[in-house]
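Descriptive analysis of the structure
For reference, the chains in residue letters:
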Amino acid sequence: DVKVTQSSRYLVKRTGEKVFLECVQDMDHENMFWYRQDPGLGLRLIYFSYDVKMKEKGDIPEGYSVSREKKERFSLILESASTNQTSMYLCASRPRDRGPDTQYFGPGTRLTVL
Amino acid sequence: DQQVKQNSPSLSVQEGRISILNCDYTNSMFDYFLWYKKYPAEGPTFLISISSIKDKNEDGRFTVFLNKSAKHLSLHIVPSQPGDSAVYFCAASGNRNTGNQFYFGTGTSLTVIP
């Protein structure tokens, strides 16, 4: 059974804090993704990675960075959290050279920045 | 700029009836389309897809229709069941295999009333 796990289901942070969101997949997938989901805006891609230590910006990378030191783990970093980063964050992974129908999502982390 | 739009944020249908969820897109370069289903507290899961070379794809109770000239796709669920109650996202990409980016709609929350 394929699995994408995220370190926290709910997180509350203060403005200005550095925040780490962790994602781990056990399917040996090359590609990993971070999205945020907001009402009325759907899912928007923040960053993705197609290999260890590789990263690409998505549609909304501002205010975020990522780290992929190991194949199975993809971290999203909010260097200085702001209230407009309150959102649901979803991690996903899929194999290289396979279509988006093979993409698996984690359960999400609901982040609140006060 | 939202390239994939779902204009109905919610839909209620009686059990046993047909559910029709609609999706519009603006980019004529999109040629692969997907529907995802999302239950509360879970990540989205792939439901059904269609390539632009087809105008219909069927999988059990789920059928996706594509009208390229109108840049419109729809998901039909027949018959609807209470377990189908979820948020449905449509998504589009430029190619099934290339491009790590695909674009999600804003979601439609379906409630199937027993």
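Attention here is on the structure that accompanies the text.

Re the interface of chain A and chain B
- Taken together, the contact between chain A and chain B spans 24 residues of the former and 22 residues of the latter.
- Counting each side, the surface lost to burial between chain A and chain B is near 1,900 Å², with a carbon and sulfur contribution of 53%.
- On the chain A side of the contact with chain B, L43, P100 and D101 of chain A bury the most area, a combined 29% of that side's loss.
- Taken together, chain A and chain B are joined by zero salt bridges.
- Here chain A is connected to chain B by two residue pairs in polar contact (both at pLDDT 80 or more).
- Looking at the side of chain A that touches chain B, the elements with two or more residues in it are β4 (31-38), β5 (42-49) and β9 (87-94) of chain A.
- Counted by class, the side of chain A that touches chain B contains 10 nonpolar, eight polar and six charged residues.

Remarks on the layout of surface pockets
- Here the largest pocket is characterised by a volume of approximately 380 Å³.
- Contributing to the lining of the largest pocket are 21 residues, with Q37 and P39 of chain A together with V87, F89 and T106 of chain B lying nearest its centre.
- Elements with a contribution of two residues or more to the lining of the largest pocket: β4 and β9 of chain A together with β9 (86-93) and β11 (108-113) of chain B.
- In terms of residue class, the lining of the largest pocket is built from eight nonpolar, 10 polar and three charged.

Quick look at the state of the cysteines
- Evaluated as defined, the whole model comprises two disulfides over all chains.
- Here C23 of chain A engages in a disulfide with C91 of chain A; their sulfurs sit 1.9 Å apart. Measuring handedness by torsion sign, the sulfur bridge of C23 of chain A and C91 of chain A sits at about -75° and is left-handed. Taken together, the residues C23 of chain A in strand β3 (residues 19-25) and C91 of chain A in strand β9 connect sequence positions 68 residues apart.
- Overall, the relative accessible area of 0% leaves C23 of chain A in the buried class.
- Put simply, C23 of chain B and C90 of chain B are joined by a disulfide, and their sulfur atoms are 1.9 Å apart.

Some remarks on the nonpolar core
- By size, the foremost hydrophobic cluster in this structure holds 23 residues, and its most contacted members are F33, W35, L73, L75 and Y88 of chain B.
- Put simply, the parts of the chain that give this core at least two residues each are β3 (19-25), β4 (32-38), β5 (45-51), β7 (62-67), β8 (72-77), β9 and β11 of chain B.
- Residues W34, F74, Y89 and L111 of chain A belong to the second largest nonpolar core, which totals 21 residues.

Concerning the side chain of K37 of chain B
Residues and elements named next belong to chain B.
- Tracing the chain through its elements places K37 in strand β4.
- With a relative accessible area of 12%, K37 lands in the buried category.
- When sequence neighbours within four positions are dropped, the list of residues in contact with K37 reads G43, P44, T45, G83, D84, A86, V87 and Y88.

Digging into the pairing of strand β11 (residues 109-113) of chain A
Residues and elements named next belong to chain A.
- Of the two faces of β11, the one lined by T109, L111 and V113 is fully buried and the one lined by R110 and T112 carries no buried residue.
- In this structure, β9 lies alongside β11, joined through three bridges in antiparallel fashion. Its bridge partner being in β11, M88 is matched across the sheet by R110.

Section: the sheet that holds β7 of chain B
Residues and elements named next belong to chain B.
- The strand order across the open sheet built from five strands is β1-β3-β8-β7-β6, with neighbouring strands paired in antiparallel fashion. Each of the sheet's edge strands pairs with one partner strand only, and the pair in question is β1 (4-5) and β6 (56-59).
- Of the pairings in the sheet, the one linking β1 to β3 comprises two bridges and is antiparallel in character. Paired with K5 across the strands is D24, a residue of β3.

Side note on the sheet that holds strand β8 (residues 73-78) of chain A
Residues and elements named next belong to chain A.
- With antiparallel pairing, the four strands of this open sheet are ordered in space as β1-β3-β8-β7. With one partner strand each, in any of the chains shown, β1 (4-6) and β7 (64-70) form the two edges of the open sheet. Pairwise comparison of adjacent strand axes, ignoring direction, gives a mean angle of 20° for this sheet.
- With five bridges connecting them, β7 and β8 associate as antiparallel partners. Bridge pairing in β8 places Y64 opposite L78.

What counts, and where the lines are drawn
- Residues numbered from 1 in each chain as written.
- Chains lettered and ligands numbered in written order.
- Predicted model: local features only at pLDDT ≥ 70, side-chain atom pairs only at ≥ 80, totals over all residues.
- Heavy atoms only, no water.
- Contact = heavy atoms within 4.5 Å.
- Buried area = accessible area lost by both parts, 1.4 Å probe.
- Salt bridge = Lys/Arg side-chain N within 4 Å of Asp/Glu carboxyl O.
- Polar contact = N/O pair within 3.5 Å; in protein donor to acceptor, adjacent residues only side chain to side chain.
- Helix = DSSP H or I, 4+ residues; strand = E, 2+ residues; numbered from the N terminus.
- Nonpolar A, V, L, I, M, F, W, Y, C, P; charged D, E, K, R; others polar.
- 1 Å grid on protein atoms, 1.4 Å probe; cavity = no way out; pocket = protein on both sides within 12 Å on 5 of 7 lines; lining within 4 Å.
- Points joined across faces, edges and corners; volume = space filled by probe spheres on them.
- Disulfide = S-S within 2.5 Å.
- Buried < 20%, exposed > 50% of the residue type's maximum accessible area, 1.4 Å probe, protein only.
- Core = buried A, V, L, I, M, F, W, Y, C linked by side-chain atoms within 4.5 Å.
- Pairing = 2+ DSSP bridges.
- Axes fitted to C-alpha atoms, helices over the stretch in contact; angles between N-to-C directions.

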